[in-house]
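The lines below spell out each chain.
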Amino acid sequence: NCNTRRMEAVVSTQSTGVIYFPSRPQFAPTASAVAARLSISEGLRVLIRRGNFWLIVFAYALTSGTFNGYGLTFDVIMQNCHISQQTAGLLGFIGLLVSVPTNILVGSLAAVFSRWQKSMLISILTIGTLAFLGFIAEVEQWIPRNNVALWVLYILGTISITGVVPLLFDMSTESSHPVSEELSATVMVMGNQMMCNVFTAILQIPHLINDEDKDRLNYVMLASFVVAITLAGFFRTTNVRLLIDAYSITVDQLDTRSIQQIRNAGVRM
């Protein structure tokens, strides 16, 4: 039947990717990509002292983690807004589908304009905040409901919330260098899952949110954008890997490198 054919297509595609995907590129793309990384124990000690890294982790957990929990309960939340389960499912599916090429584009732009990542992050989060504010206005019927506007606003909000993921991961890697990427990414994902669990647990606590008040979780999603923008304002942008690639130096040599040479390159530490 149709479902069997779909499953066969998915399994064969994934199997092909696993079999033929190379373990590493033939040549290292940058000097920083092959630079030595700290061990897990050393990396943990370094991360504990990196306040900027934890700001990024918290911002990622707030946005992506909250959105994951929001997506899991989206149909339940939308019932109070007079949106059917089928429509809610389609909204979520189309939003995530459209966000895939957008994420690739944002990731590519982040690599090209690495010195402007903070500005890009704040801009995308601001767009997402306005989109979700408009979406709430539509579903809560603060304004006459327009189905086209409702779809556009939700998809734009989804694109924004998922579009910051490649930016935040790259910023976390930059902020934690020379800690290994797998360690910093693991901490990011753990924060994401913890926030997702907190969001979904809210619905399980008796008498905390009644059935008729579940639409208030829309405001939780909106608040996550606002708090993330505030946190992003405190991010300290670093370009350690860019400096290593530009001058072929090691992390230990950063303090002795000519300040004037760094300024001429326009690199901020």
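Residues numbered from 1 in each chain as written. Predicted model: local features only at pLDDT ≥ 70, side-chain atom pairs only at ≥ 80, totals over all residues. Heavy atoms only, no water.

Chemist: Which residues make up the overall build of the chain, and what are the values?
Modeler: If you tally the helices and strands in the chain, you get 11 helices and zero strands. If you list the helices and strands of the chain from N to C, you get α-α-α-α-α-α-α-α-α-α-α. Burial statistics for the chain: of 269 residues in total, 39% are counted as buried. Of all intrachain contacts in the chain linking residues separated by at least 6 positions in sequence, the fraction that spans at least 24 positions is 80%. On the chain, roughly 15,200 Å² of surface is accessible, and the fraction owed to carbon and sulfur atoms is 63%. (Helix = DSSP H or I, 4+ residues; strand = E, 2+ residues; numbered from the N terminus. Buried < 20%, exposed > 50% of the residue type's maximum accessible area, 1.4 Å probe, protein only. Contact = heavy atoms within 4.5 Å. Areas by Shrake-Rupley, 256 points an atom, 1.4 Å probe, with all protein chains shown as cover.)

Chemist: How would you sum up the layout of surface pockets? Please name residues and give values.
Modeler: Its boundaries defined by the atoms lining it, the second largest pocket holds a volume of some 230 Å³. Along its surface, the second largest pocket is lined by 16 residues, and F67, G71, G92, L96 and Y154 are the ones closest to its centre. When residues of the lining of the second largest pocket are traced back to their parent elements, those giving at least two are α3 (51–72), α4 (74–79), α5 (85–112) and α7 (147–176). For the lining of the second largest pocket, the per-class residue count stands at eight nonpolar, seven polar and one charged. (1 Å grid on protein atoms, 1.4 Å probe; cavity = no way out; pocket = protein on both sides within 12 Å on 5 of 7 lines; lining within 4 Å. Points joined across faces, edges and corners; volume = space filled by probe spheres on them. Nonpolar A, V, L, I, M, F, W, Y, C, P; charged D, E, K, R; others polar.)

Chemist: Just give me the short version of the packing of aromatic side chains, but keep the residues and values in it.
Modeler: Applying the stated criterion to the full structure yields 13 aromatic pairs. For the ring pair F132 and F135, a centre distance of 6.1 Å and an interplane angle of 80° mean the geometry is edge-to-face. Taken as a pair, F132 and F135 lie in helix α6 (residues 117–139) at a separation of three residues, close to a single helical turn. The same class applies to F132 and to F135, which are both buried. Of the aromatic side chains, those joined through ring pairs into one cluster are F67, Y70, F74, F132, F135, Y154, F199 and F225. (Phe/Tyr/Trp six-rings, centres within 6.5 Å; stacked < 30°, edge-to-face > 60°.)

Chemist: So, the environment of Y60: which residues are in play, and what are the values?
Modeler: Mapped onto the fold, Y60 is located in helix α3. Here the alpha-carbon distance between Y60 and A228, two residues 168 residues apart in the chain, equals 7.9 Å. Dropping the residues within four chain positions of it, Y60 is found in contact with G65, V165, L168, F169, M188, V189 and N192.

Chemist: Requested: an account of a nonpolar patch on the surface, with residues and values cited.
Modeler: A cluster of nonpolar side chains, namely L105, L109, V112, F113 and W116, defines an oily patch on the protein surface of about 530 Å² accessible area. Within the fold, W116 resides in the loop between α5 and α6. (Patch = residues over 30% accessible without salt bridge, like charges linked within 9 Å, V, L, I, M, F, W, Y side chains within 5 Å. Salt bridge = Lys/Arg side-chain N within 4 Å of Asp/Glu carboxyl O.)

Chemist: Now, about the environment of A111: what can you tell me, with residues and values included?
Modeler: Mapped onto the secondary structure, A111 falls in helix α5. Exposure remark for A111: the relative accessible area of 59% places this residue in the exposed category. Each C-alpha atom of the pair A111 and P166 lies 9.8 Å from the other, and the pair is 55 residues apart in sequence.

Chemist: So what's going on with helix α9 (residues 217–232)? Residues and values would help.
Modeler: The α-helix winds at 3.6 residues per turn, so residues separated by three or four positions along the chain end up facing the same way. In this model, α9 (16 residues) spans 23 Å end to end at C-alpha, consistent with the 22 Å of a helix rising 1.5 Å per residue. Buried residues of α9: L217, N218, M221, L222, S224, F225, A228, L231 and A232, and no others. Looking at the buried residues of α9, the elements they touch are α3, α4, α6, α7 and α8 (181–202). (Expected span 1.5 Å × (residues − 1).)

Chemist: Please give an account of the nonpolar core that cites residues and values.
Modeler: Y70, M78, L121, F132, F135 and F235 are the most contacted members of the largest nonpolar core, which totals 48 residues. Those elements that provide at least two residues to this core are α2 (40–48), α3, α4, α5, α6, α7, α8 and α9. Filtering out sequence-adjacent residues up to four positions away, F235 remains in contact with N52, L55, I56, A59, K118, L121, L168 and M171. (Core = buried A, V, L, I, M, F, W, Y, C linked by side-chain atoms within 4.5 Å.)

Chemist: Describe the confidence of the model for the chain, naming the residues involved and giving the relevant values.
Modeler: Of all residues in the chain, 78% have pLDDT values of 70 or greater, and the mean over the chain is 79. The element-level mean pLDDT for the chain is lowest in helix α11 (residues 259–265), coming to 41, with α6 highest at 90. Here residues 254–269 scores under 50 on pLDDT; set against residues more than four positions off or in separate chains, the count is 26 contacts. (pLDDT = per-residue confidence, 0-100.)

Chemist: Tell me about the side chain of E138, and please be specific about residues and values.
Modeler: Position of E138 relative to the elements: it lies in helix α6. In this structure the side chain of E138 is engaged in a polar contact, spanning 2.9 Å, whose partner is the backbone nitrogen of N146. (Polar contact = N/O pair within 3.5 Å; in protein donor to acceptor, adjacent residues only side chain to side chain.)

Chemist: Explain the side chain of S99 residue by residue, including any values.
Modeler: Locating S99 in the fold gives a position in helix α5. Judged by its relative accessible area of 3%, S99 is buried. Aside from chain neighbours lying at most four places away, what touches S99 is T158, I159 and T162.

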